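Summary of the model geometry
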Amino acid sequence: MSTGKGLEGIVAVESEISSIIDGVLTYRGYQIDELAEQSTFEEVAYLLWNGKLPNESQLAELKELLDQHAPITPTLLKQLEEYPKDAHPMAVLRTIVSALSMYDPDAEQQTLAHNRETAIKLTAQIPTIITALARLRAGKEPVAPKAGLGFAANFLYMLNGEEPTFVAAHALDKALILHADHELNASTFAARVTTGTLSDMYSAITTAIGTLKGPLHGGANEQVMATLREIGNLDKIDAYIENKLANKEKIMGFGHRVYKNGDPRAKHLREMSRQLAAQIGDTLYYDMSTRIEELVTQKKGLKPNVDFYSASVYNYLGISGDLFTPIFAMSRVVGWTAHVLEQLEHNRLIRPRAEYIGPMGRRYEAIEHRR
Ligand SMILES: CC(=O)SCCNC(=O)CCNC(=O)[C@H](O)C(C)(C)COP(=O)(O)OP(=O)(O)OC[C@H]1O[C@@H](n2cnc3c(N)ncnc32)[C@H](O)[C@@H]1OP(=O)(O)O
Ligand SMILES: O=C([O-])CC(=O)C(=O)O
């Protein structure tokens, strides 16, 4: 039996959703660069779910559905109020998404129509959940979603209680496009494994959220911000990075299992970070990030991944560090649900083998003879 450690290089599913070929990322055949520059998150969601870009009426219909499903029930709000205020937002999100299934009388239905509706519902409600929990723990009242604002602007509106500037909403929208799907990353694979047992969509997305949370995956963006804060200023960067590398510690936001010559999403986030820093007139975290990139690339040959510059981008948007990974989930739910739908279309249980390397031939010993 062959064991690709961490399943490196192993092709586990066939997919028509996104591809990484020779370092180029596409969603349904469209290059990420073009989508990031020209599209919107809602268009990308439609594309990932349906395989084609929407026309005007299809887009209008999707936006209306997202608006319709965005409010969360008083029961869920009450649950959010009762969770410990210092719980990690990813733990809260994982728990609430799991709870949502119990309030959906059709949760156990595996029809395509119901699963498609659930995909839209989850996508619509996750921003409302994240912003409600952020406000509640700050002792503020949650702000209800406002129809017609658009997905990214509505998130910032619910978070801050005031409508965002065009620049802020546009920056977040672009970041959401860049995070929406990524071939067979760990959380998507986890969602597909859950779906492969014919479990329901809520279970698959709960699995995915738990998987995204880890610092080797989506949780890295929060850790990047923690690193920037820990270093604190430009003068301390070189010593900090050299020390980490000498101790064989990982620098968060660098490296990738698939991209060895750089993540094509990082350049968009770097530029967004540069622009936001200049507009706000506080370039510290952008300047620190570029110096860290320079050093890590020079000393270790590693390039920034999608999580590295997204940290300073979200920070410039006034978002607190522990909401960065939930924001990743708020975008990636579109990719996860597209993969759940695709898995169900050609489902076969996902069940690889393990090569047993433990002891053999042991005999049972009575408890009084054990040491
Ligand atoms: C959205 C996303 O999930 S993007 C990834 C987000 N995660 C991070 O940014 C966390 C930091 N990065 C990492 O831990 C890794 O690069 C991963 C998890 C992304 C990829 O891991 P793998 O493909 O398993 O690579 P692996 O960990 O084997 O690294 C290969 C070598 O590069 C080193 N390396 C990889 N990433 C880093 C890093 N960020 N900092 C320092 N060294 C690193 C490893 O220590 C290893 O070195 P060695 O050969 O001397 O032992
Ligand atoms: O593909 C991966 O392994 C991780 C990643 O970049 C993502 O999920 O966006």
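Because the structure is predicted, anything quoted here is derived from the model rather than measured. (Residues numbered from 1 in each chain as written. Chains lettered and ligands numbered in written order. Predicted model: local features only at pLDDT ≥ 70, side-chain atom pairs only at ≥ 80, totals over all residues. Heavy atoms only, no water.)

**Observations concerning the pairing of strand β1 (residues 18-21)**
Burial of the side chains of β1 is restricted to one face: S18 and I20 are buried, whereas none of S19 and I21 on the reverse face is. Relative to strand β2 (residues 24-27), β1 runs antiparallel, the two being bridged by four bridges. Within β2, the residue paired with S18 across the bridge is Y27. If you look at the hairpin formed by β1 and β2, you'll find two residues sitting between the two strands, and D22 has a positive phi there, around 50°. (Buried < 20%, exposed > 50% of the residue type's maximum accessible area, 1.4 Å probe, protein only. Helix = DSSP H or I, 4+ residues; strand = E, 2+ residues; numbered from the N terminus. Pairing = 2+ DSSP bridges.)

**Some points on the confidence of the model for the chain**
The share of residues in the chain with pLDDT of 70 or more is 99%, and the mean pLDDT across the chain is 97. Both scores are available for the predicted complex, with the pTM at 0.97 and the ipTM at 0.98. (pLDDT = per-residue confidence, 0-100.)

**A closer look at the pattern of salt bridges**
Considering all chains together, one arrives at 14 salt bridges under this definition. With its nearest N and O atoms 3.4 Å apart, the salt bridge here joins E37 to K174. Residue E37 is located in helix α1 (residues 32-38), and its partner K174 is located in helix α8 (residues 166-179); the two are separated by 137 residues in the primary sequence. Put simply, K146 and E163 hold a salt bridge, and the shortest N to O gap is 2.8 Å. With a gap of 17 residues between them, K146 in the loop between α6 (112-137) and α7 (151-160) and E163 in the loop between α7 and α8 connect regions that are remote in the sequence. Members of the salt-bridge network, linked through shared partners, are D238, R291 and E294. (Salt bridge = Lys/Arg side-chain N within 4 Å of Asp/Glu carboxyl O.)

**Digging into the packing of aromatic side chains**
Summed over all chains, the structure comprises four aromatic pairs. Here F41 and F151 contribute two aromatic rings whose centre-to-centre distance is 4.7 Å and whose plane-to-plane angle is 40°, an arrangement assigned as tilted. Taken together, the residues F41 in helix α2 (residues 41-50) and F151 in helix α7 connect sequence positions 110 residues apart. Three or more aromatic residues link up through ring pairs in this structure, and these residues are F254, F308 and Y309. (Phe/Tyr/Trp six-rings, centres within 6.5 Å; stacked < 30°, edge-to-face > 60°.)

**Notes on the environment of A113**
Tracing the sequence through the fold places A113 in helix α6. Note on A113: relative accessible area 58%, which makes it exposed. Along the primary structure A113 and T290 are separated by 177 residues, whereas in three dimensions their C-alpha atoms are 46 Å apart.

**Digging into the site of ligand 2**
In the neighbourhood of ligand 2, the contacting residues comprise H182, N185, H217, H256, R265, F328 and R332. Here H182 contributes a side-chain N or O atom positioned 2.7 Å from an oxygen atom of ligand 2. A distance of 2.7 Å separates an oxygen atom of ligand 2 from a polar atom in the side chain of R332. Within the complex, 84% of the 270 Å² of free accessible area of ligand 2 lies under protein. (Near = heavy atom within 4 Å. Polar contact = N/O pair within 3.5 Å; in protein donor to acceptor, adjacent residues only side chain to side chain. Areas by Shrake-Rupley, 256 points an atom, 1.4 Å probe, with all protein chains shown as cover.)

**Description of the environment of G214**
With respect to the element layout, G214 can be found in the loop between α10 (201-212) and α11 (220-231). Once residues within four sequence positions are removed from consideration, G214 is found in contact with G219 and A220. (Contact = heavy atoms within 4.5 Å.)

**Remarks on the site of ligand 1**
Taken together, 20 residues surround ligand 1, and among them H217, I251, G253, F254 and R257 come closest. One of the backbone N or O atoms of L216 is found 2.9 Å from a nitrogen atom in ligand 1. N305 is positioned with one of its side-chain polar atoms (N or O) 2.9 Å from an oxygen atom of ligand 1. In the complex, the protein chains occlude 69% of the 900 Å² of accessible area that ligand 1 would expose alone.

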